[in-house]
Amino acid sequence: MFDSILEKPNHIRYFRVFLVLIYQTKSRRAKFNSELVIASRQRYYQSLINTVKEIQAVAEIVREHYGLIPMAVASGGERVVLEATLSNIKLREFFNIIVSIDDVEKGKPEPDIFLFASERLGVAPEDCIVYEDSDGGLEAASRAGMRFIDVRVLWSTQT
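In what follows, the accompanying structure is described.

About the thresholds
- Residues numbered from 1 in each chain as written.
- Predicted model: local features only at pLDDT ≥ 70, side-chain atom pairs only at ≥ 80, totals over all residues.
- Heavy atoms only, no water.
- Buried < 20%, exposed > 50% of the residue type's maximum accessible area, 1.4 Å probe, protein only.
- Helix = DSSP H or I, 4+ residues; strand = E, 2+ residues; numbered from the N terminus.
- Arc of directions from axis to C-beta.
- Contact = heavy atoms within 4.5 Å.
- Salt bridge = Lys/Arg side-chain N within 4 Å of Asp/Glu carboxyl O.
- Core = buried A, V, L, I, M, F, W, Y, C linked by side-chain atoms within 4.5 Å.
- Polar contact = N/O pair within 3.5 Å; in protein donor to acceptor, adjacent residues only side chain to side chain.

### Quick word on helix α4 (residues 79-88)
- Of the positions making up α4, those classed as buried are Val-81, Leu-82, Thr-85 and Leu-86. Projection of α4 onto a plane perpendicular to its axis shows the buried side chains occupying an angular sector of 130 degrees, all on one side.
- Tucked inside the fold, the buried residues of α4 contact α2 (34-48), β1 (72-74) and β2 (97-99).
- Residue Lys-90 follows α4 closely and has a positive phi angle near 60 degrees.

This is the structure:
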């Protein structure tokens, strides 16, 4: 959920680092260490947490509906980064249920994350609304039978 909220130059830099790591590993015929890549990615994202900004329109919906309707965060990010990000933007306290890639076998665009969040909330998928910031997430919401809103249009109008 929060990956695409980071400014684009940071994304580009991360993917360049990731691609260089893969290239260097393959060119040296060394064994690819996925745990090292995951740990590096987590450290990198944690170093950027202070640059993440809330999407104002979505944050307002969360604050206005807190305690009135069940709400969860379902993200393709790792739990440790997700929790830190939510805390940093002061939204962690509004969610009792947080589902991350750590909780499911398949990430987006598979619907697993959203279906698990729906199950934990005790709400039928067709009664859920997903606020999403990626094409894969929008596809996952659709596959889960949930209504969805593409929040990228909301942050592009944010001042």
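### What to know about the pattern of salt bridges
- Summed over all chains, the structure comprises 9 salt bridges.
- For Asp-103, the salt bridge is made with Arg-79, and the minimal N-O distance between the two is 2.5 Å. Linking Asp-103 in the loop between β2 and α5 (112-121) with Arg-79 in helix α4, this pair joins segments that are 24 residues apart in sequence.
- With a closest N to O distance of 2.5 Å, Arg-143 and Glu-139 form a salt bridge. Remark: Glu-139 and Arg-143 occur in helix α6 (residues 135-143); sequence separation between them is 4 residues, near one turn of the helix.
- Overall, Glu-139 belongs to the partly exposed group, its relative accessible area being 36%.

### Regarding the nonpolar core
- The biggest cluster of nonpolar side chains holds 15 residues, and the ones touching the most others in it are Val-62, Val-73, Leu-86, Leu-91, Phe-95 and Ile-98.
- Those elements that place two or more of their residues in this core are α3 (56-65) and α4.
- Take this core: its biggest share by element is 3 residues, from α3.
- Setting aside chain neighbours within four positions, we find Phe-95 in contact with Val-62, Met-71, Ala-72 and Val-73.
- If you look at the next biggest cluster of nonpolar residues, it comprises 13 residues, including Ala-74, Phe-114, Ala-144 and Met-146.

### Digging into the environment of Asp-150
- Mapped onto the secondary structure, Asp-150 falls in strand β4 (residues 147-150).
- Along the chain, Asp-150 and Leu-138 lie 12 residues apart, while their C-alpha atoms are 7.2 Å from each other.
- Non-local contacts of Asp-150, meaning those with residues more than four positions away in its chain, are made with Glu-132 and Leu-138.
- Within polar-contact distance, the side chain of Asp-150 engages the side chain of Arg-152 at 2.8 Å.

### Regarding α5
- Inspection of α5 places Ile-113, Phe-114, Ala-117 and Ser-118 among the buried residues, and these make up the whole buried set. Mapping the buried residues of α5 onto a view down its axis gives an arc of 130 degrees, with all of them on the same face.
- Elements in contact with the buried residues of α5: β1, β2, β3 (129-132) and α6.
- Looking one or two residues beyond α5, the residue adopting positive phi is Gly-122, at roughly 75 degrees.

### Focus: the side chain of Ser-118
- Its place among the elements puts Ser-118 in helix α5.
- Owing to a relative accessible area of 3%, Ser-118 belongs among the buried residues under this scheme.
- Contacts of Ser-118, omitting those with residues within four sequence positions, involve Val-123, Ala-124, Pro-125, Cys-128 and Met-146.

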